[in-house]
Amino acid sequence: MNSNSSVQFNEQGVPVSTTFDDIYFSVESGVDESQYVFLAQNGLPRRWLSLPAHYSFTIAETGFGTGLNFLLTWKQFLEQAPASTRLHFVSFEKFPLSRQQLEQAYQLLEPIAEFSQSFLEHYPATDPGCHRIILSQGRVILDLWIGDLNELLPEWLPQAQNQIDAWFLDGFAPAKNPEMWQPTLFDAMKQTAHSETTFATFTAAGSVRRALQQSGFEVQKVAGFGRKREMLCGHYHSAEVCQKYYDRRDVTIIGGGISAACSALALKQRGVNVRVISAGTADGASGNPQGAVYPLLHAEHTPLSRFYWQAFSTATSFYRNFCADHWFPVGVMQPAFNDDRARRYQRIADKLYAPGTVRYLSQPEAEQKAGVSLAVPALHYPKAGWLRPEAVVKSLLETAQIELIEGEAKALKETERGRWQISLKDGSLLTAERVLIATGHHVNSLLPESVKPLPIQPVRGQVSLVQTTPLLSSLKTVLCFKGYLVPEDDKHHCVGATFNRDREDLEPTPEDDEENLKQLAENARQPWAESLQLTSQRVSVRATSPDHQPVTGTVAENLYVITALGSRGFTSAPILAEVLACQLTGELTPLTQDALRRISVSRFKG
């Protein structure tokens with residue numbers, strides 16, 4: 001976990017790094033400095049005015065700091081860029097500020113107050129990795145990479161070739177932060193540049209100028225901001241490197257759940273025509289009355305927990321943007337209902353993750369947060385919450401404005417030139433350029449014979465709906481024991497869920513209801529968990545993989561899958577949809593190469 005203790009505020013209220021003995025922005029005017037150094041010297045906003053439709057203007061920045069450059073860029077992009085274009089801002093930060101430090105710094109940035117306050121609502125916990133934050137209804141994306149630049153760049157570079165339109169070289173001065181201004185950075189700038197790539201930096205250091213020139217950039221010295229005499233700016237001078245290319249061929253999605261809905265929206269926002277084929281919407285595992293959204297954390301950093309804390313950052317910003325009426329970020333709590341859980345939860349909360357991700361609460365603290373009596377301490381995920389799955393899926397599909405074909409796909413057949421013929425249950429045939437299968441545990445039934453079946457396991461789960469009571473109606477947060485209990489919605493609570501591997505039957509059973517309620521009562525050991533009145537139940541089947549990671553990617557030419565989202569589908573679907581949409585269109589994904597390999601279909605080949 002990164003420490004935020006290296007920042008102090010001077011007499012003027014400007015944040016100062018005690019590690020590097022340098023200020024984060026100008027004492028005179030941080031906003032004017034950012035405007036002059038980074039936007040104006042990169043030709044912005046003038047360059048935005050002539051962008052083609054659906055273009056994703058991509059900026060890479062070293063040193064996120066207070067986010068001032070991003071906030072000002074975000075504001076001016078919305079004000080001046082064509083409405084059909086998008087902004088993708090990639091920033092690297094080794095020492096992220098806390099939310100409290102940002103709030104204090106923003107008191108001096110009145111011209112961008114509207115954007116700074118909005119950003120604070122989305123600011124992620126500062127665990128390492130990439131946090132993709134979705135803003136302005138998806139028109140603006142921030143990829144905030146937390147960690148050492150020299151370690152992150154090699155993982156980011158393979159997908160970033162010729163992708164960057166402008167570089168903001170911020171961070172602290174080379175004399176005070178030499179570790180950042182290394183050949184790794186300048187080599188990355190060369191690899192990510194195209195014929196119209198520009199850069200700007202506050203420094204005029206000779207070492208930086210020479211490194212940029214050796215990397216193929218034409219460098220100019222211009223007047224600096226305020227009392228700073230000079231700064232550097234310029235552009236990449238190789239006309240042989242073509243500008244980036246986007247693939248916007250049509251995509252047909254088979255499926256009507258959360259992965260299909262998120263993918264449809266992510267693709268549509270990138271200018272791709274999308275149609276969805278499904279017999280119904282949210283009629284499978286995505287149709288439960290209530291669902292929890294929170295990360296999967298282990299007692300040590302693992303690839304799986306790393307994926308989920310990054311997925312969680314994207315999910316919370318995504319639902320806040322697109323489903324605010326059906327998303328309730330009231331927190332999620334895991335009570336330590338036995339000694340083993342207590343020991344594990346204490347290890348998880350012991351400085352392994354950022355406090356904004358998870359905290360260990362004492363029994364009195366947990367009881368106060370929960371709103372109901374609890375006998376034990378608990379892990380608390382303050383940014384987590386619950387949503388209405390069916391309403392979320394339908395809202396996303398409506399927002400995407402895609403063509404919806406009501407029908408059941410039965411088979412896929414490859415035709416000439418890599419296109420696909422889709423056979424529907426009613427006998428009709430459709431042709432598609434590219435196909436994404438998002439049918440959960442049914443994915444193998446649609447794969448052509450030439451494609452090896454995926455090791456997907458069905459897991460049957462039944463949830464039980466109970467009527468609220470005077471005691472239970474005061475529940476303020478989601479409680480996750482072995483199962484979960486969600487706060488009241490329309491005078492009911494969702495309790496669940498059973499977990500039956502290799503079962504696909506959809507008929508509810510009284511035994512499963514009994515198991516859900518008995519397990520809740522035994523784990524909670526509180527009066528509010530006793531004698532609950534059952535009103536209804538629902539059965540669905542989830543899809544899982546042997547390593548518990550989701551499965552995405554290419555299974556054949558122009559044929560893709562997204563499956564195995566398991567019990568955390570509403571946590572992982574937004575980031576998986578972003579990954580797929582970026583891979584299909586040629587944009588930057590929010591995961592490292594290692595993380596992409598771990599969710600890829602290719603891990604099962606051979």
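Residues numbered from 1 in each chain as written. Predicted model: local features only at pLDDT ≥ 70, side-chain atom pairs only at ≥ 80, totals over all residues. Heavy atoms only, no water.

A. The overall build of the chain, seen in detail. Of the regular secondary structure elements, the chain holds 16 helices and 32 strands. The C-alpha atoms of the chain give 25 Å as radius of gyration, which agrees with the globular expectation for 606 residues (25 Å, within 12%). Based on the C-alpha atoms only, the size of the chain along its principal axes is roughly 80 × 65 × 40 Å. By residue count, 60% of the 606 residues in the chain fall in the buried class. Put simply, of all contacts in the chain between residues at least 6 apart along the chain, 73% involve residues at least 24 apart. On the chain, roughly 24000 Å² of surface is accessible, and the fraction owed to carbon and sulfur atoms is 47%. Positive and negative side-chain charges in the chain, numbering 56 and 65 respectively, have mean positions lying 3 Å apart. (Helix = DSSP H or I, 4+ residues; strand = E, 2+ residues; numbered from the N terminus. Rg over C-alpha atoms; globule rule 2.2 N^0.38 Å. Buried < 20%, exposed > 50% of the residue type's maximum accessible area, 1.4 Å probe, protein only. Contact = heavy atoms within 4.5 Å. Areas by Shrake-Rupley, 256 points an atom, 1.4 Å probe, with all protein chains shown as cover. Lys, Arg positive; Asp, Glu negative; His and termini not counted. Charge placed at Lys NZ, Arg CZ, Asp CG, Glu CD.)

B. Quick peek at the side chain of S572. Inspection of the secondary structure assignment puts S572 in helix α15 (residues 569-585). Taking the relative accessible area as the measure of exposure, S572 reaches 0% and is therefore buried. In this structure, S572 is in contact with F307, Y308, A311 and L565, ignoring residues within four places of it in sequence.

C. Representation of the packing of aromatic side chains within the structure. Following the criterion strictly, the structure yields 29 aromatic pairs and no others. With a centroid separation of 5.4 Å and an interplanar angle of 35°, the aromatic rings of F38 and F168 are classed as tilted. Of this pair, F38 sits in helix α1 (residues 30-39) while F168 sits in strand β8 (residues 166-169), placing them 130 residues apart in sequence. Per residue, the accessibility class of F38 equals that of F168, and both read buried. On the numbers, 4.9 Å between centres and 80° between planes, the contact of W74 with F115 is edge-to-face. Residue W74 is located in helix α2 (residues 68-80), and its partner F115 is located in helix α4 (residues 113-122); the two are separated by 41 residues in the primary sequence. Given a relative accessible area of 11%, F115 falls into the buried group. Counting every residue linked through ring pairs, the aromatic cluster contains F38, F64, F70, W74, F89, F115, F119, Y123 and F168. The cationic tip of R568 hangs over the ring face of Y294; the distance from NZ or CZ to the ring centre is 4.3 Å. (Phe/Tyr/Trp six-rings, centres within 6.5 Å; stacked < 30°, edge-to-face > 60°. Lys NZ or Arg CZ within 6 Å of the ring centre and 35° of its normal.)

D. Region of interest: the pattern of salt bridges. According to the stated counting rule, one finds 24 salt bridges in the structure shown. Ionic pairing is found between E408 and K410, a salt bridge with its closest N-O pair at 3.7 Å. E408 sits in the partly exposed class, given a relative accessible area of 34%. Measuring nitrogen to oxygen at the nearest pair gives 3.2 Å for the salt bridge that ties R460 to D505. Within this pair, whereas R460 is found in strand β25 (residues 457-467), its partner D505 is found in the loop between β29 (500-501) and α14 (510-524), the two being separated by 45 residues in sequence. Beyond isolated ion pairs, a larger network of salt bridges with shared partners links R86, R132, D143, R270, E578 and E587. (Salt bridge = Lys/Arg side-chain N within 4 Å of Asp/Glu carboxyl O.)

E. Structural detail: the sheet that holds strand β20 (residues 403-406). What the six strands build is an open sheet, ordered β20-β13-β12-β24-β32-β31; its pairing is mixed. Only two strands of the sheet have a single neighbouring strand rather than two, namely β20 and β31 (551-556). Sheet twist, expressed as the mean angle between neighbouring strand axes with direction ignored, is 20°. Note that strand β13 (residues 274-278) and β20 share four bridges and pair parallel. By the bridge assignment for β20, S278 is matched with E406. Across the face of the sheet, helix α8 (residues 258-269) comes into contact with β12 (251-254), β13, β24 (434-437) and β32 (559-563) while running at roughly 170° to β12. (Pairing = 2+ DSSP bridges. Axes fitted to C-alpha atoms, helices over the stretch in contact; angles between N-to-C directions.)

F. Representation of the side chain of S259. As for its placement among the helices and strands, S259 is situated in helix α8. The class for S259 is buried, based on a relative accessible area of 8%.

G. Focus on the UniProt feature "domain: MnmC-like methyltransferase" (unreviewed entry) in the chain. When the UniProt feature table is mapped onto this chain numbering, "domain: MnmC-like methyltransferase" (unreviewed entry) sits at residues 111-235. With 30% helix and 28% strand, residues 111-235 has end C-alpha atoms that lie 29 Å from one another. (UniProt positions renumbered as here; feature names shortened; annotations may be inferred.)

H. The arrangement of α8 in detail. With twelve residues, α8 extends 17 Å between its outermost C-alpha atoms, agreeing within 8% with the 16 Å of an ideal straight helix rising 1.5 Å per residue. Burial runs high along α8: eleven of the twelve residues are buried. Within the span of α8, buried status applies to I258, S259, A260, A261, C262, S263, A264, L265, A266, L267 and Q269. G271 sits one or two positions beyond α8 and adopts a positive phi of about 85°. (Expected span 1.5 Å × (residues − 1).)

I. Structural detail: the nonpolar core. The biggest cluster of nonpolar side chains holds 82 residues, and the ones touching the most others in it are F57, F70, F119 and W156. If we skip the residues at most four places from it in the chain, F57 touches L44, R47, W48, L51, F77, R86, L87, H88, D165 and A166. Counting residues in each nonpolar core, the second largest holds 75 residues, with V251, L267, Y308 and A595 among its members. (Core = buried A, V, L, I, M, F, W, Y, C linked by side-chain atoms within 4.5 Å.)

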